[in-house]
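The chain contents come next:
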Amino acid sequence: MTTATVISVSAAMGHRFSKPVQDSIRLLAGLGVEGDAHCGETVKHRSRVAVDPTQPNLRQVHLIHAELLDELNAAGFDVAPGQMGENLLTRGLDLLGLPVGARLRFGQQALVEITGLRNPCAQIEAFRPGLLAAVLGRDAEGRLVRKAGIMGIVLEGGAVAPGDAIAVTLPALPHRALERV
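The rules behind the values
- Residues numbered from 1 in each chain as written.
- Predicted model: local features only at pLDDT ≥ 70, side-chain atom pairs only at ≥ 80, totals over all residues.
- Heavy atoms only, no water.
- Helix = DSSP H or I, 4+ residues; strand = E, 2+ residues; numbered from the N terminus.
- Rg over C-alpha atoms; globule rule 2.2 N^0.38 Å.
- Buried < 20%, exposed > 50% of the residue type's maximum accessible area, 1.4 Å probe, protein only.
- Contact = heavy atoms within 4.5 Å.
- Salt bridge = Lys/Arg side-chain N within 4 Å of Asp/Glu carboxyl O.
- UniProt positions renumbered as here; feature names shortened; annotations may be inferred.
- Pairing = 2+ DSSP bridges.

The protein chain has the name MOSC domain-containing protein in an unreviewed UniProt entry, where Bosea massiliensis is given as its organism.

In structure tokens, the structure reads:
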């Protein structure tokens with residue numbers, strides 16, 4: 001059995017696509033990643049602020065599974081941790097298969113509740129031509145599959161660092177599949 005683990009952590013003060021890798025990050029309850037441009041109670045993503053700056057921030061923390069980077073690198077994209085804008089890079093956990101409301105405990109302190117899927121945007125294409133198509137796919141029924149990570153909110157704060165174990169708690173049934181947020 002594989003243990004779900006944090007591979008890397010990243011944060012950036014300014015609004016830019018990639019985030020520099022850090023030794024550790026601090027999650028702040030109800031806000032997000034300390035020192036990150038997307039930290040706050042209300043939405044911080046520029047496109048969403050333009051629509052309604054009072055919306056609750058359901059995108060406080062961005063998580064990507066390292067297996068996606070493996071897949072992208074095998075396809076020749078040369079993507080390193082933090083370069084796709086994630087705050088947390090994980091391994092050994094099917095992030096895209098989690099339901100809305102799943103809770104992820106990082107180490108002994110931080111707790112994140114999953115709110116939905118990251119909707120990949122044109123910035124991904126600007127970062128690496130062809131990458132947008134690589135993080136979008138279709139399932140057997142022809143439905144769009146977004147593979148660029150998931151988003152969450154911080155329920156309990158604390159430090160998170162590479163090597164931290166990740167424990168998952170699923171919400172009560174019936175589970176709701178992730179949708180873009």
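Now that the structure has been shown, the text picks up again.
**Let's talk about the overall build of the protein chain**
Along the backbone of the protein chain there are four helices and 13 strands. Computed over the C-alpha atoms, the radius of gyration of the protein chain is 15 Å, within 12% of the 16 Å expected from 2.2 N^0.38 for a compact globule of 181 residues. Burial analysis of the protein chain (181 residues in total) assigns 45% to the buried set. Partitioning the intrachain contacts of the protein chain with sequence separation of at least 6 by distance along the chain shows that 67% fall at a separation of at least 24.

**Overview of the environment of Gly32**
With respect to the secondary-structure elements, Gly32 resides in strand 4 (residues 32-33). In this structure the C-alpha to C-alpha distance between Gly32 and Thr54, which are 22 residues apart in sequence, comes to 16 Å. Among residues more than four places away in sequence, those in contact with Gly32 are Arg26, Leu27, Cys39, Gln60, Val61 and Val154.

**With respect to the pattern of salt bridges**
Under the definition given, this model contains seven salt bridges. For Asp36, the salt bridge identified is with Lys19, shortest N-O distance 2.8 Å. Here the residue Asp36 occupies a position in the loop between strand 4 and helix 1 (46-51), and Lys19 occupies one in the loop between strand 1 (5-10) and strand 2 (21-22), the gap between them amounting to 17 residues. Measuring nitrogen to oxygen at the nearest pair gives 3.0 Å for the salt bridge that ties Glu113 to Arg103. Residue Glu113 is located in strand 8 (residues 110-117), and its partner Arg103 is located in strand 7 (residues 103-106); the two are separated by 10 residues in the primary sequence. Residue Glu113 is classed as buried on the basis of its relative accessible area of 19%. For Arg103, a relative accessible area of 36% corresponds to the partly exposed category. If you follow the salt bridges from partner to partner, you end up with Asp139, Glu141 and Arg143 in one network.

**Some remarks on the UniProt feature "domain: MOSC" (unreviewed entry) in the protein chain**
Using the residue numbers shown here, the UniProt feature "domain: MOSC" (unreviewed entry) corresponds to residues 19-169. Summarising residues 19-169: 17% helix, 32% strand, and an end-to-end C-alpha distance of 28 Å.

**Observations concerning the pairing of strand 1**
The pairing of strand 1 with strand 6 (residues 88-91) spans four bridges and is classified as antiparallel. If you follow Val9 over to strand 6, its bridge partner there is Leu88. As defined by bridge partners, strand 1 adjoins strand 2 across two bridges and the pair is classed as antiparallel. Residue pairing across strands places Val9 opposite Gln22, the latter belonging to strand 2.

**Observations regarding the sheet that holds strand 4**
If you walk across this open sheet you meet the three strands as 4-3-12, and the pairing is antiparallel. Edge positions in the sheet fall to strand 4 and strand 12 (158-160), since each of these pairs with one other strand and no more.

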